[in-house]
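Structure at a glance
Take a look at the letters that make up each chain.
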Amino acid sequence: MKLKHRMPFLILPIITYTYGSFAFLSRIMRVGMIDVVSQDYIRTARAKGLGEGKVILKHALRNSLLPVITVFASIFPMAIGGSIIIEVIFSIPGMGVEVYNAILNYDYPMIITVFTLSGFLTMVGYLVSDLLYAVVDPRISYK
Amino acid sequence: MQWLTQEFHTNRIMQNTNENFSFKKYAWAQFKKNKIALVSLYLLLVLVIIAVFAPYIANDRPLYAEYEGNTLYPAFASDTRTDSIYNAEGDFVRVLQYDITDWRELNLTSVVWAPIPYSPGSMDRYNRDYAAPGGEQRFKNSDGEIIDIPSKFRHKLGTDGIGRDLASGLIHGTRISLMVGLVSMGIASLIGIILGAMAGFFGDTKLKMPRIKYWMTLFGIFMGFFYGFGQRKYVLSEAFSEGIGDGIIAMLISVGVVIGITILFRLLSKPLQFGILKEEVSIPIDTFVSRGIELLNSIPRLLLIITITAVVERSIWIIMIIIGLTSWTGIARFTRAEFLRIRSLEFVQAAESLGYSSIRTIFKHALPNALAPVFVSIAFGIASAILIESGLSFLGIGVPDDIVTWGSLLNLGRQNLEAWWLIIYPGMAIFITITIYNMIAEASRDALDPRLKS
């Protein structure tokens with residue numbers, strides 16, 4: 001009930017929030033795909049007589065994900081930083097507005113907490129991207 | 001495969017023009033092929049012209065005025081100028097103080113107004129409360145009657161709540177936005193290129209010095225920062241509140257103090273060089289720089305900048321310096337990557353085997369070959385610096401209230417959502433500027449690095 005009540009007010013913030021990262025990621029994905037599609041093994045896959053869908057989804061996509069994963073780690077802190085402006089515009093009582101008010105009121109413990117949290121999130125982002133490397137590319141292993 | 005054909009193409013061009021070929025010409029030819037980028041470059045030129053001539057495009061003082069037989073050039077005079085006006089018979093008429101005189105109420109015999117006859121800060125009290133661009137606007141003529149506004153004096157893009165002209169604010173905001181991009185990225189590229197070049201060139205093993213000298217250098221840098229910035233913070237903030245000139249001088253003194261103390265501690269290490277302290281150790285400068293970059297990257301940039309601006313003096317120059325000091329990481333990373341590639345190339349090895357000093361090798365031989373990708377990163381950086389400054393002034397932090405920027409205009413629009421012109425026009429201005437820079441950066445990346453071409 002509560003969620004149902006809130007949903008309509010989340011549409012605009014979510015669109016503005018995701019659009020920036022969405023454009024950024026799709027541009028990097030495009031460069032990665034262009035790089036991969038001209039590789040030899042894609043030609044091999046086509047020469048084997050595989051369908052275009054299978055070539056793109058199975059052979060090209062996984063390999064072109066590598067650069068996207070690299071920037072994936074930096075999306076986390078960007079998300080917190082970017083949320084300040086969006087939360088101020090839409091008056092969402094989230095972490096961004098909280099830290100914004102903390103900064104204006106010189107509430108140092110709060111500021112330090114948020115910085116620590118975002119640093120921690122970045123580290124988690126690096127970890128996740130390192131793990132995803134191994135998932136996407138079987139040649140990479142951490143032993 | 002694609003880059004192979006590209007290289008073949010390059011080779012063919014080389015054969016066609018043989019000795020006249022230069023990489024700059026080739027890159028420019030490639031850049032010109034991208035029509036959108038070329039248009040962006042011209043638009044950027046227009047923006048620069050607007051920024052340079054902003055006081056003569058939008059000013060509430062006339063460019064040229066004839067008053068009681070005196071010829072005046074009010075827009076070109078300084079703000080504080082005060083003239084005593086005598087008429088043709090030599091009788092005293094009145095005292096004109098240039099910045100507070102309402103020139104529209106004077107009986108000027110002939111006058112040339114600026115294209116937009118309003119200053120960004122001047123309030124038109126007959127068009128308060130959000131006068132719409134196409135709506136009804138009023139005007140007080142030189143006889144003192146309130147009439148419908150003449151088309152020359154219309155607020156073509158509307159006004160805000162206290163009657164400030166939007167078009168004028170936008171034109172003066174161009175100046176600030178372009179300056180923010182240039183100054184902050186200038187600082188960022190200075191720091192980023194030097195640190196990135198050192199990290200990439202020396203790596204973790206190539207820079208060697210005696211152990212005691214290494215320790216003393218680290219200690220000296222620490223002490224230098226303590227005495228240069230820690231102890232001088234009140235002097236610095238006072239100097240910055242006096243004016244930007246004093247601030248920069250105080251800043252240079254601080255940097256000098258840091259360098260001086262570091263050198264002093266290095267000299268102090270001379271007599272201590274014996275035994276185990278004299279052993280040569282390699283300095284992991286690459287690790288220092290890389291971990292520093294990661295450290296700075298793990299803190300959200302906007303948050304960091306807001307925190308710093310909340311503590312220091314409110315000034316547009318300090319905003320530029322802070323943006324510069326926090327956004328060098330991308331440039332440093334690109335420079336480091338280029339130097340890792342270049343340091344194993346023949347010409348660098350040749351320079352080293354000829355006995356050139358490291359500084360000469362880095363700055364004279366390696367750096368010119370590493371700059372192309374760095375330029376691209378700087379162009380993207382300018383766009384994001386402008387965006388950050390707009391975000392800051394939108395939140396109302398850091399920029400003084402009397403300075404009109406695109407972000408602060410947007411913030412005015414948020415207070416009254418019916419005043420759509422206060423949202424659309426500044427938003428468009430920010431959007432167009434950012435897009436121009438991104439287009440130029442993308443096209444120059446394609447032009448400078450043929451392998452990336454899609």
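Residues numbered from 1 in each chain as written. Chains lettered and ligands numbered in written order. Predicted model: local features only at pLDDT ≥ 70, side-chain atom pairs only at ≥ 80, totals over all residues.

**Some thoughts on the overall build of chain A**
Threshold: Put simply, DSSP H or I for four residues or longer makes a helix, DSSP E for two residues or longer makes a strand, and each gets a number counted from the N terminus. Throughout, radius of gyration means the C-alpha value; the globule benchmark is 2.2 Å times the number of residues raised to the power 0.38.
Scanning chain A from terminus to terminus reveals five helices and zero strands. When its helices and strands are written in sequence order, chain A yields α-α-α-α-α. A compact globule built from 143 residues would reach a C-alpha radius of gyration of about 15 Å, whereas chain A, at 20 Å, exceeds it by more than 25%. For the C-alpha atoms alone, the extent of chain A along its principal axes is close to 65 × 40 × 30 Å.

**Re the confidence of the model for chain A**
Spelled out, the test is: A residue's pLDDT is the confidence the predictor assigns to it, expressed on a 0 to 100 scale.
Summary statistics for chain A give a mean pLDDT of 82 and a share of 92% for residues scoring 70 or more. Mean pLDDT per element in chain A: helix α3 (residues 52-90) of chain A is the minimum at 79, and helix α2 (residues 40-47) of chain A is the maximum at 88.

**Notes on the sheet that holds strand β5 (residues 110-112) of chain B**
All names here are of chain B. To keep it simple, the criterion reads: Paired strands, as defined in this entry, are two strands with at least two bridges between them according to DSSP. Structural elements are reduced to axes, namely lines fitted to C-alpha atoms, with helices fitted over the stretch in contact, and the angle between N-to-C directions of any two is expressed from 0 to 180 degrees.
Judged by pairing direction, the sheet is antiparallel, and its three strands sit side by side in the order β2-β1-β5 without closing on themselves. Of all the strands in the sheet, just β2 (70-72) and β5 have a single pairing partner and so form its edges. Averaged over all pairs of adjacent strands, the angle between strand axes in this sheet comes to 20°, irrespective of strand direction.

**A short note on unusual backbone geometry**
Residues and elements named next belong to chain A. Using the following cut-off: Exposure in this text rests on C-beta crowding, where 20 or more other C-beta atoms within 10 Å of a residue's own make it buried, 12 or fewer make it exposed, and counts in between make it partly exposed. The C-beta atoms are placed from the backbone.
The residue Ser-91 is not glycine, and still its phi comes out positive at about 50°. Mapped onto the secondary structure, Ser-91 falls in the loop between α3 and α4 (95-104). Its identity as a non-glycine residue notwithstanding, Tyr-106 has a phi of 55°, on the positive side. Inspection of the secondary structure assignment puts Tyr-106 in the loop between α4 and α5 (108-136). Here Tyr-106 falls in the exposed class, since 10 other C-beta atoms lie within 10 Å of it.

**Quick notes on the pairing of strand β1 (residues 64-67) of chain B**
Residues and elements named next belong to chain B. Side-chain alternation along β1 places Ala-65 and Tyr-67 on a buried face and Tyr-64 and Glu-66 on a face that remains uncovered. Judged from the three bridges that link them, β1 and β5 form a sheet pairing that is antiparallel. In the strand pairing of β5, Glu-66 is matched with Ser-110. Two elements, β1 and β2, share three bridges in a ladder whose sense is antiparallel. Bridging across to β2, Ala-65 finds its partner in Leu-72. Linkage of β1 to β2, two consecutive antiparallel strands, is achieved through a turn of two residues, within which Glu-68 is found at a positive phi near 50°.

**Digging into the environment of Leu50(A)**
With respect to the helices, strands and loops of the structure, Leu50(A) is situated in the loop between α2 and α3. Along the chain, Leu50(A) and Val37(A) lie 13 residues apart, while their C-alpha atoms are 14 Å from each other.

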